[in-house]
Amino acid sequence: LNLQGYTLIEGNMNADQRQCAHQIGAALVANLAGSLLGYALLLGARRRQVVTWVQSPLCGIPIVIVQVAYLWLATTSTRSVLPASVTRWIYPEDRFLFNQFAFAMPPLFLGLFWLATLRAATQSARTIAASLSLAVGAPFLLYLGLQVAQRVSWIRSLSPIVFAVLCVMIGLLTFLGLIRGLFVGLRALRGRHTGGDLVAVGVIALAMPIGGLLLNRSIPFPVDFQSVGVYALSVGNALALAAASQLPVRFARLRLALLGVGLPFTLYFFFVFLPYTPLSVLAMVVMGAGFLVLTPTFLLALHVHLIGRIWHEGSRTRSAAAVGLLAAAVVPGLITVRALADRHALNGALAHLFQPAVSGADVTFPGSRAGLKRALASHRDYKDGIYYPLLSDFTSWLTFDGLILSDDKLAQLEQAFFGNDGVARSTKPRDHSFDLFGGSSRARDRHRMPRAPAPPRTVAITHLDVQTRSVSTAETTVTARLSLTHTGRQSGVGAEFIAPLRLPAGVFVTGFRLQVNGTWVPGRLIEKKTALWTYAMIRDSERRDPGLLYYLTPEELELRVFPVLAAAPSLVEFDLLVPSALADADFSGVGLDLNAVCAVVTRSLRPSLTRDPTGRLAGTGWTQARLPGVVRPAYLHLIVDRSEDGSFDAPLSTIAPLLAKRFPADLPIRISYANHDIRMPTRTLASQSHLPETPPEFMLSRQGGLLLDATLAQALQVHRAVELDPPVAPATPPPRPIFVILSRTAKVRPLVLPLTEAWSGLLDTFELHELGADGTWLTHAPPATATRPLLRCGRSVRPVSSRGAVSFRGETDSRALEFWSPDDAAWKLVPAPAEVPGTSPWSRAVALMLVQEDTRRSPGDSGPTLPELVSRSREQGVLLPSTSYIVVENEAQWRIMERTEARKLGQNEALDVLETPAPSVWILAGGVGLWLTWRRRRRRTAPAPFAPVLRIQ
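Residues numbered from 1 in each chain as written. Predicted model: local features only at pLDDT ≥ 70, side-chain atom pairs only at ≥ 80, totals over all residues. Heavy atoms only, no water.

### Comments concerning the overall build of the protein
Reasoning step 1: Secondary structure summary: the protein contains 28 helices and 23 strands in total.
Reasoning step 2: Here the protein holds 953 residues, and 49% of them are scored as buried.
Reasoning step 3: Put simply, 77% of the contacts in the protein that link residues at least 6 apart link residues at least 24 apart.
Reasoning step 4: Accessible surface, the protein: about 44500 Å² in total, of which carbon and sulfur atoms supply 61%. (Helix = DSSP H or I, 4+ residues; strand = E, 2+ residues; numbered from the N terminus. Buried < 20%, exposed > 50% of the residue type's maximum accessible area, 1.4 Å probe, protein only. Contact = heavy atoms within 4.5 Å. Areas by Shrake-Rupley, 256 points an atom, 1.4 Å probe, with all protein chains shown as cover.)

### Considering the sheet that holds strand S10 (residues 608-611)
Reasoning step 1: The three strands lie next to each other as S10-S11-S20, forming an open sheet whose pairing is antiparallel. Strands at the two margins of the open sheet, each flanked by one partner only, are S10 and strand S20 (806-808). The sheet shows a mean angle of 20° between the axes of neighbouring strands, direction not considered.
Reasoning step 2: In this sheet, strand S11 (residues 617-620) lies alongside S10 in antiparallel orientation, the contact comprising four bridges. When the bridges of S11 are listed, Ser608 appears paired with Thr620.
Reasoning step 3: Sheet strands touched by helix H25 (residues 841-857): S10, S11 and S20. Its angle to S10, the strand with the most contacts, is close to 70°. (Pairing = 2+ DSSP bridges. Axes fitted to C-alpha atoms, helices over the stretch in contact; angles between N-to-C directions.)

### So, the nonpolar core
Reasoning step 1: The biggest cluster of nonpolar side chains holds 170 residues, and the ones touching the most others in it are Leu482, Phe497, Leu549 and Phe574.
Reasoning step 2: Sort the elements by how many residues they give to this core and helix H5 (residues 93-116) lands first, with ten residues.
Reasoning step 3: Excluding residues within four positions of it along the chain, Leu482 makes contact with Ile461, His463, Leu464, Phe497, Leu559, Ser570, Leu571, Val572, Phe574 and Leu594. (Core = buried A, V, L, I, M, F, W, Y, C linked by side-chain atoms within 4.5 Å.)

### A word on helix H18 (residues 407-418)
Reasoning step 1: Spanning twelve residues, H18 covers 16 Å between terminal C-alpha atoms, matching the ideal 16 Å at 1.5 Å per step.
Reasoning step 2: Along H18, the residues classified as buried are Lys409, Leu410, Ala411, Leu413, Glu414, Ala416, Phe417 and Phe418.
Reasoning step 3: Buried residues belonging to H18 abut helix H15 (330-354), helix H16 (369-384) and helix H20 (528-542).
Reasoning step 4: Directly after H18, the chain includes Gly419, whose backbone phi takes a positive value near 75°. (Expected span 1.5 Å × (residues − 1).)

### A few points about the confidence of the model for the protein
Reasoning step 1: Averaged over every residue, the pLDDT of the protein is 82; the share at 70 or more is 85%.
Reasoning step 2: Predicted confidence is poor over residues 917-932, with pLDDT under 50, and the contacts of this stretch with residues over four places away or in other chains come to ten contacts.
Reasoning step 3: Throughout residues 938-953 the model reports pLDDT below 50, and contacts reaching past four residues in sequence, or to other chains, amount to two contacts. (pLDDT = per-residue confidence, 0-100.)

### Quick notes on the pattern of salt bridges
Reasoning step 1: Applying the stated criterion across every chain, the model contains 33 salt bridges.
Reasoning step 2: Note that Glu573 is salt-bridged to Arg513, the shortest N-O span being 2.7 Å. Of this pair, Glu573 sits in strand S9 (residues 570-578) while Arg513 sits in strand S4 (residues 508-516); the two residues are 60 residues apart in sequence, bridging distant segments of the chain. For the pair shown, Glu573 and Arg513 are each scored as buried.
Reasoning step 3: Residue Asp649 pairs with Arg642 through a salt bridge whose shortest N-O separation is 2.7 Å.
Reasoning step 4: Put simply, Arg457, Glu496, Arg539, Glu558 and Arg560 are held in one network by salt bridges that share partners. (Salt bridge = Lys/Arg side-chain N within 4 Å of Asp/Glu carboxyl O.)

### A closer look at the sheet that holds strand S23 (residues 883-887)
Reasoning step 1: The strand order S3-S8-S7-S23-S6 describes an open sheet built from five strands, whose pairing is antiparallel. If you trace the sheet from one side to the other, it starts and ends with strand S3 (495-501) and strand S6 (524-527), each paired once. Between one strand axis and the next, the sheet turns through 30° on average, direction left out of account.
Reasoning step 2: Bridge count between strand S7 (residues 547-553) and strand S8 (residues 556-564): six bridges; the pairing is antiparallel. By the bridge assignment for S8, Tyr550 is matched with Glu558.
Reasoning step 3: Its contacts with the sheet place H20 against S3, S6, S7, S8 and S23, and it is angled at close to 130° to S7.

### Some thoughts on helix H10 (residues 228-246)
Reasoning step 1: Taking 1.5 Å of rise per residue, 19 residues should cover 27 Å, and H10 covers 27 Å from first to last C-alpha, within 8% of that figure.
Reasoning step 2: Residues Val230, Ser234, Asn237, Ala238, Ala240, Leu241, Ala242, Ala244 and Ser245 constitute the buried set of H10.
Reasoning step 3: Those residues of H10 that are buried lie in contact with helix H9 (196-218), helix H11 (252-273) and helix H13 (295-312).

### A word on the packing of aromatic side chains
Any pair of aromatic rings gets described here by the distance separating the centres and the angle formed by the planes.
Reasoning step 1: What the rule picks out here adds up to 14 aromatic pairs.
Reasoning step 2: A centroid spacing of 6.1 Å and a plane angle of 90° characterise the contact between Phe109 and Phe270, whose relative ring orientation is edge-to-face. With Phe109 in helix H5 and Phe270 in helix H11, the pair connects residues that are 161 residues apart, well separated along the chain.
Reasoning step 3: When the centroid spacing of 6.4 Å and the interplanar angle of 45° are considered together, the rings of Phe512 and Tyr885 count as tilted. In this pair, Phe512 is assigned in strand S4 and Tyr885 in strand S23, connecting sequence segments 373 residues apart. Each of the two residues, Phe512 as well as Tyr885, counts as buried.
Reasoning step 4: Among the aromatic residues, ring-to-ring pairing joins Phe225, Phe265, Tyr268, Phe269, Phe273 and Tyr388 into one connected group.
Reasoning step 5: Taking NZ or CZ as reference, Arg857 lies 5.3 Å from the ring centre of Trp759, over its face. (Phe/Tyr/Trp six-rings, centres within 6.5 Å; stacked < 30°, edge-to-face > 60°. Lys NZ or Arg CZ within 6 Å of the ring centre and 35° of its normal.)

Next up, the structure:
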């Protein structure tokens, strides 16, 4: 972990910080080497069966001294080794300290355990009394010292180092006394009383854990463990220890199995509390029950004691050891299997909902709805419930590699497969605890983006320079350089620049640069969600210099730069690859308007054709100004809702009169039945008189929700295959679909249709209505008033998209390109331009964008995956809707972004790095204020309870 952290932030270190890091690293290596050397010496002595000095319990003293020295070095060097630029979110101080304590505390406790086994020359009772006196007396002395320090000024003026040394020494003496008293007491109880172990189990394994959990209710340290499962496991572990200690010797395997089952529970809490145990002495001073913080230490000592005793009583066989190990793997195995099952169920549902393979075939969810429901409930419980250190991180890594399934995605899954977005919602109370090493103990809060006050947007372009560079006779690179200045009143606060860029099809972004500290830093192409997360983290955490350029929608880009200061204008550049010849003089009149630059580029475009490596013909620059628009005939595509909530249950023939009120009776129809599955009985168009008489349940049972997006996408895919790419070239314009949802009652729906938008280029207009069985009518998407040109090449027909793009699949001849002329009611040849060679930069960019569009239309096909798209986008330097150009300030930011991108690309595309930002701080402050007001009024009317008061002078 230290090496990983060093490689992450090393690029941000100065010479002094790097030297300090090397010193800590050398101390770490020496510490580890010394431990390994001691282990080798001890192992050698054991094999030779000789007693040497390395077996003496006094060897625990140097172990303790070495670990205390290492922790002292690491703690006092924290601010000297960590650059200020990385401690906000990349590598916080609490993470560095936690790593050091997690490294040094296990050998430190081993040394204490070792030292505590020093044999006593006196009687056990006197040894126990002396040990407990040391354990109780040391914290009492610390308490007296604090009281005296409050009253004697010269003691208060002592260095904090003296106080720290005193706390460490007293803590070590306290631990030594407690552990030694425990060991000697266990031996005495076992030798004099047959039920000695049972007494120890009752006190250490039952009473102390339950007491610690009860204390944890009011003092959630280190996190809130108030869960029914934790209480149940505490009782179950105590019962297993009690049974193992009392069963006869002949049941050795069963006894080891019982101890093995509870061992992961004991080890978990021991390692969770281990980094915090140095604070337990202070907890004893502040509150009388603070000793319960040491319960995991006592419990581990008892657990190991029982295992060792049963092992030495005659069960030292391989089979007994195997039984114990298998039993110890039961609980971790169940947790692992549960996480893997959740991963499989959730990934299957995410693929079905967000990455389907859109084809003409019927769609059926291959997974189990019962298993998915349990997995959704489990994931909600994980997000809403308590954060368990180590355990929650492990299950999160095993399920989604640390990524998060946002609440919106969870709601969409529940709505799609169960018809209700609250079906798996957790009813468990949310905890309210804190973590001393930083962060909340709620898993949900640990996955939320930081929320900072929105920066001002008062930024103006004070200088705009546009330069052109000819790439070929038909291609130009246009470079726009912007000078941004903060013009608001809050001149001391950095402002954020946000500007949209609406580019026509065929124009690509091929470069992005930002000037940072007087140096031009080129942008890198990063996966889009990772880049957005990095930009937000830098903007809201560090307030440093990120720049971002990405596709806000498939038709619009967004440029973001932060911070823009009044004293020092920000400079940013981006490059556009345009398939036309342009000169600097063409942009002489744009002034300071970015939209004017885009307008000049748009006006310069002429119809351009190229072919991708598969032979597909693609063209851009086709506008209605050059070709006439076409009004296409229509047909009805009925989508029968078979969801749980809005299921249409009547025979389709009953809605014929209702359709006749809206559409001509001679319009042909096509039918799809849909919930979370999709059925299309036939792909051919039929007459409205042939509407089925049978109830829809014979085609698709009623369950789940309506996958409207996937249903529309499949309908458009069938429309392309049947109407737009028929076996014989159509003599007239093919009909377009009018989509009508048949449901129980027409209602307003959230139209989140990314798949449909990807397929909408096949339509001159997207029209969507809904008809209820009760006669209610609702228009979700009215038809567009503008018309688009219609092109035919071979047997394929395509409407020109709103951005002026068109593409034809299969072997086509550009010389046979035709357009439909409404005036002549016939297809007429288009004077097609010469094809641009497929090896040119623009042609390669067009081919890459076509691959991106294919992936958006059918993400579940065996085409390029998201990692492949990102890689190809980076290789060609062409911005895609799935990537983003980003500039960050320092090396640590680049490295954390690259690691996050690798993690993101290895998981489902629907997952997020972090959840959407938390509510505004003003909303939270208002809520807290209302709560405090209500609480104060309630206290005025309620009788005052009796409670002890701890007053700190």
